[in-house]
Number of protein chains: 2
Amino acid sequence: MRAQRLILAAIEQDLKAAGMPPLAWYDVLWELVRAHEGRLRPYEIEERTLLAQHNLSRLLDRMEEAGLVRREILPEDGRGRWVLVTGEGRATQARIWTVYAAAIERHLGAKVDDAAAAILADGLERLTHGA
Amino acid sequence: MRAQRLILAAIEQDLKAAGMPPLAWYDVLWELVRAHEGRLRPYEIEERTLLAQHNLSRLLDRMEEAGLVRREILPEDGRGRWVLVTGEGRATQARIWTVYAAAIERHLGAKVDDAAAAILADGLERLTHGA
DNA sequence: ACGATGTAGATGCATTTGCATATATGTAGG
DNA sequence: CCTACATATATGCAAATGCATCTACATCGT
């Protein structure tokens, strides 16, 4: 808990200092950029980013307003929407990444070598998965 | 990040289901209970819990209103306050702990043996401390 | 003793989150 | 078909958070 809070706060701090949006925006953009055809349904983004449904709904409002994503009606299921990244969304994802990558390196990479990182990743993986 | 979010959410969920206050309340109570004479200054709680100053200030408002802590003027330094746990605060800490401990066991303990936990703790410790 | 600067804590205001519920649509059972 | 229930997303409202700033007091240099 302590490690996560400290590191996350440090990274968010770096993003903000560089005039970038919060990390959650990046998470969403990244999922969209790497998804097939740059689009996902809200519930898919939810699952991948661990954002709460109502939070994501409003985050998408803000991102849409900022021109980074677009929502489109989905013919197959009248309840759903597509969320699509715009060109500006892709550009923003790339711009954030330059800052984010540096922040990760500074606050994480610099503190563990590859072997230690692998061990940590393995241990944490075990926590998130099965019993 | 994923591990922390999932586990924290699960634990908060358990607390809420048992009608307990959020984890931050416990963190503050715990620091007070184990502090000398059951009192600390706000900035000491801040350092230990990683709560932001203005957040702690208002959390203490709520906790004071709930009768779990009391604020007292500090003669040595006119700017500062003491924050003291009340008897009810101690009782609440203990009550939360019964639920919290079970939640930790369920969401963490059950997933790693002692050796793996020690390795994880060591790796994470390294992240929070020096380069 | 005095002004400049630093530190502890509180607070007004905007933003974000959480919670419950609403709306719309799909699916299954009789 | 029609009712009951499930799923996808949005939204009103309350609570928490972040941000900037305020007040009060301390400390330090002159």
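Residues numbered from 1 in each chain as written. Chains lettered and ligands numbered in written order. Predicted model: local features only at pLDDT ≥ 70, side-chain atom pairs only at ≥ 80, totals over all residues. Heavy atoms only, no water.

Q: Would you mind going over helix H6 (residues 114-128) of chain B with me for this structure?
A: Because the α-helix completes a turn every 3.6 residues, residues three or four places apart line up on one side. Residues and elements named next belong to chain B. Counted at 1.5 Å a residue, the expected span for H6 with its 15 residues is 21 Å, and the 21 Å between its end C-alpha atoms agrees. Leu120, Gly123 and Leu127 are the residues of H6 that are buried. Along the axis of H6, the buried positions cluster into a sector of 65°, meaning they face one direction only. Exposed residues pointing more than 90 degrees away from the buried face of H6 are listed as Asp114 and Ala115. (Helix = DSSP H or I, 4+ residues; strand = E, 2+ residues; numbered from the N terminus. Expected span 1.5 Å × (residues − 1). Buried < 20%, exposed > 50% of the residue type's maximum accessible area, 1.4 Å probe, protein only. Arc of directions from axis to C-beta.)

Q: When you look at the nonpolar core in this model, what are you seeing that I'm missing?
A: Inside soluble globular proteins, nonpolar side chains tend to come together where they are buried. Judged by nonpolar contacts, the single largest core of 58 residues is most densely connected at Val28(A), Leu32(A), Val69(A), Leu15(B), Val28(B), Leu32(B) and Val69(B). Each residue touching Leu15(B), except ones within four places of it in the same chain, is listed here: Met20(B), Pro21(B), Pro22(B), Leu23(B), Ile96(B), Val99(B) and Tyr100(B). (Core = buried A, V, L, I, M, F, W, Y, C linked by side-chain atoms within 4.5 Å. Contact = heavy atoms within 4.5 Å.)

Q: Got a minute to help me understand the packing of helix H1 (residues 2-17) of chain A against helix H5 (residues 87-107) of chain A in this structure?
A: Two numbers describe a pair of packed helices, the interaxial angle and the distance between the axes. Residue and element names in this part refer to chain A. At a minimum axis distance of 9 Å, the contact between H1 and H5 shows a crossing angle of 145°. When the axes of H1 and H5 are compared, the crossing they make is right-handed. In this structure, H1 contributes Ile7, Ala10, Ile11, Asp14 and Leu15 to the contact, and H5 contributes Ile96, Val99, Tyr100, Ala103, Ile104, Arg106 and His107. In terms of residue class, the contact of H1 with H5 is built from nine nonpolar, one polar and two charged. (Axes fitted to C-alpha atoms, helices over the stretch in contact; angles between N-to-C directions. Left-handed = near helix turned anticlockwise from the far one by under 90°. Nonpolar A, V, L, I, M, F, W, Y, C, P; charged D, E, K, R; others polar.)

Q: How should the packing of aromatic side chains be read in this particular structure?
A: Any pair of aromatic rings gets described here by the distance separating the centres and the angle formed by the planes. All chains considered together, the criterion is met by six aromatic pairs over all chains. Ring geometry for Tyr26(A) against Trp97(A): centres 6.1 Å apart, planes inclined by 20°, an arrangement best described as stacked. Placement of the pair is Tyr26(A) in helix H2 (residues 23-34) and Trp97(A) in helix H5, with a sequence separation of 71 residues. Residue class for Trp97(A) comes out partly exposed when judged on its relative accessible area of 40%. Summarising the aromatic geometry, the rings of Trp97(B) and Tyr100(B) are spaced 5.7 Å apart at their centres and angled 85° between planes, so their arrangement reads as edge-to-face. In this pair, Trp97(B) and Tyr100(B) both sit in helix H5 (residues 87-107), three residues apart, roughly one turn of the helix. Note on Tyr100(B): relative accessible area 14%, which makes it buried. (Phe/Tyr/Trp six-rings, centres within 6.5 Å; stacked < 30°, edge-to-face > 60°.)

Q: Explain the sheet that holds strand S1 (residues 39-40) of chain B to me, please; I cannot follow it from the model alone.
A: By way of backbone hydrogen bonds, the strands of a sheet pair with one another, either parallel or antiparallel. Residues and elements named next belong to chain B. Across the sheet, which stays open at both edges, the three strands sit in the order S1-S3-S2 with antiparallel pairing between neighbours. Of all the strands in the sheet, the pair left with one neighbour each is S1 and strand S2 (69-73). Pairing geometry for S1 and strand S3 (residues 81-85), over two bridges, is antiparallel. Along S3, the bridge assignment pairs Arg39 with Leu84. This element, helix H2 (residues 23-34), spans S1, S2 and S3 of the sheet and lies at about 95° to S3. Along the sheet, helix H4 (residues 53-65) makes contact with S2 and S3, crossing S2 at roughly 115°. (Pairing = 2+ DSSP bridges.)

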